[in-house]
Amino acid sequence: MSLVDYASARHRATATRKTHYWRIQPGLWLAWAVMLLALLAAFAPGLFTQYNPTQGIPGAQRLAPQAAYWLGTDQLGRDLFARIIYGASQSLAAAFAAVAMGLIGGTALGVLAGAVGGRTENTLMRLVDVLLSIPSLLLSLSVLILLGFGTVHAALAVGIASIASFARLARGEVVRVRRSEYVEAAYGSGGSFWQVLWRHILPNSLTAVIAFAALQFGQAILALSTLSFLGYGTPPPTPEWGLLIAEGRNYLATAWWLTTFPGIVVVAIVLSANRISQQIAGGDA
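All residue numbers here refer to positions counted from 1 along the written sequence of the relevant chain. For a predicted model such as this one, the threshold for reporting local features is a pLDDT of at least 70, and the threshold for listing and counting side-chain atom pairs is 80 or more; totals across whole chains, interfaces and linings nevertheless cover every residue. Hydrogen atoms and water are omitted, and side-chain values are computed over all heavy atoms in the structure.

J.: What am I meant to see in the nonpolar core here?
T.: Generally speaking, nonpolar side chains in soluble globular proteins are found buried as a group. Formed by 43 residues in total, the largest nonpolar core has its most connected members in Leu92, Phe217, Ile221, Trp241 and Ile269. A helix here means a DSSP run of H or I that spans at least four residues, while a strand means a run of E at least two residues long, and both kinds are numbered starting from the N terminus. Secondary structure elements with two or more residues in this core: helix H2 (26-43), helix H3 (80-116), helix H5 (136-147), helix H6 (151-178), helix H9 (206-229), helix H10 (241-248) and helix H11 (257-281). Among the elements that take part in this core, H3 stands out by supplying 10 residues, more than any other. Leave out the neighbours within four places in its chain, and tryptophan 241 touches Ile84, Gly87, Ala88, Ser91, Leu92, Ile221, Ser225, Pro262, Val265, Val266 and Ile269. Val111, Ala115, Val174 and Leu202 belong to the second largest nonpolar core, which has seven residues in total. For the purposes of this section, nonpolar cores are sets of buried Ala, Val, Leu, Ile, Met, Phe, Trp, Tyr and Cys residues that join through side-chain atoms within 4.5 Å. Each residue is assigned to one of three classes by its accessible area relative to the maximum for its type, calculated with a 1.4 Å probe on protein chains only: buried under 20%, partly exposed between the two thresholds, exposed over 50%. The contact rule is simple, with two residues in contact once any of their heavy atoms fall within 4.5 Å.

Right, here's the structure in full:
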């Protein structure tokens, strides 16, 4: 193949990838819409509802979904839609904090292990193996028992439990990039360890880590909801999605909406985070 033919083929392949990436993808657009609505509800809940999420309405206990109360009311007469909307701030903020802790701490450990190598890598990765051998829920509960219950401590517990996963992924990506020819060429051109790490290794290693962070955001929502369901997370009457499911489980036979609608919200957020993670990882390119 001549140089002209090769350049033409590269141009056609690039154009095809861009067309495929930017074509209308209903699932991806829906995922971004769900996430944006959840963020808007977290920052401006007053745009969605006029009801107070913690004050009950006299005579409105356990009303089924209707025009006045879109998703019904709970056992204390509180509007369920308002509690879900106001619960977005608690659930999303805790999930962001947990993912940020895992991302920063785990990536730092993984990059250090993968870039330095040797005994440092062996020591850090054996520690990571120990953490990965412990079920994440058990590790989170252990941290919560030490720190105490509450939203902040639940976020810390989930974040600590995710550090090992981020560390292993970051280390694998750094090792892969470190063995590339352009990294060897950078060292051969006189680049120092920190220059090569900052300019070449990190930028080419973090794509998979960022995609995993989006995936881990959905897992953090599930973990925090589980902790709240078990009574270790956000205390009542503060609305939080896992707590809403827990409060409604005793009324499944007579008020199915109390657990169904918060559960649907959690599932929608998790699926949206997974879909966005696929996009970041390049699954649509």
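Here the narrative resumes.
J.: Got a minute to help me understand the packing of aromatic side chains in this structure?
T.: To describe a pair of aromatic rings, you give the distance between the ring centres and the angle between the ring planes. Centre distance within 6.5 Å is the pairing criterion for rings of Phe, Tyr and Trp, where only the six-membered ring of Trp is used; planes under 30 degrees apart are then read as stacked, over 60 as edge-to-face, and the remainder as tilted. Counted according to the given criterion, the structure contains seven aromatic pairs. An angle of 70 degrees between the planes, with centres 4.9 Å apart, marks the rings of phenylalanine 149 and tyrosine 232 as edge-to-face. A residue pair is termed long-range when its members are at least 10 positions apart, and phenylalanine 149 in the loop between H5 and H6 and tyrosine 232 in the loop between H9 and H10 qualify at 83 residues. A ring pair is formed by tryptophan 256 and tryptophan 257, whose centres lie 5.7 Å apart and whose planes are at 80 degrees; its orientation type is edge-to-face. Overall, tryptophan 257 belongs to the buried group, its relative accessible area being 5%. Linked through ring pairs, Trp256, Trp257 and Phe261 together constitute an aromatic cluster.

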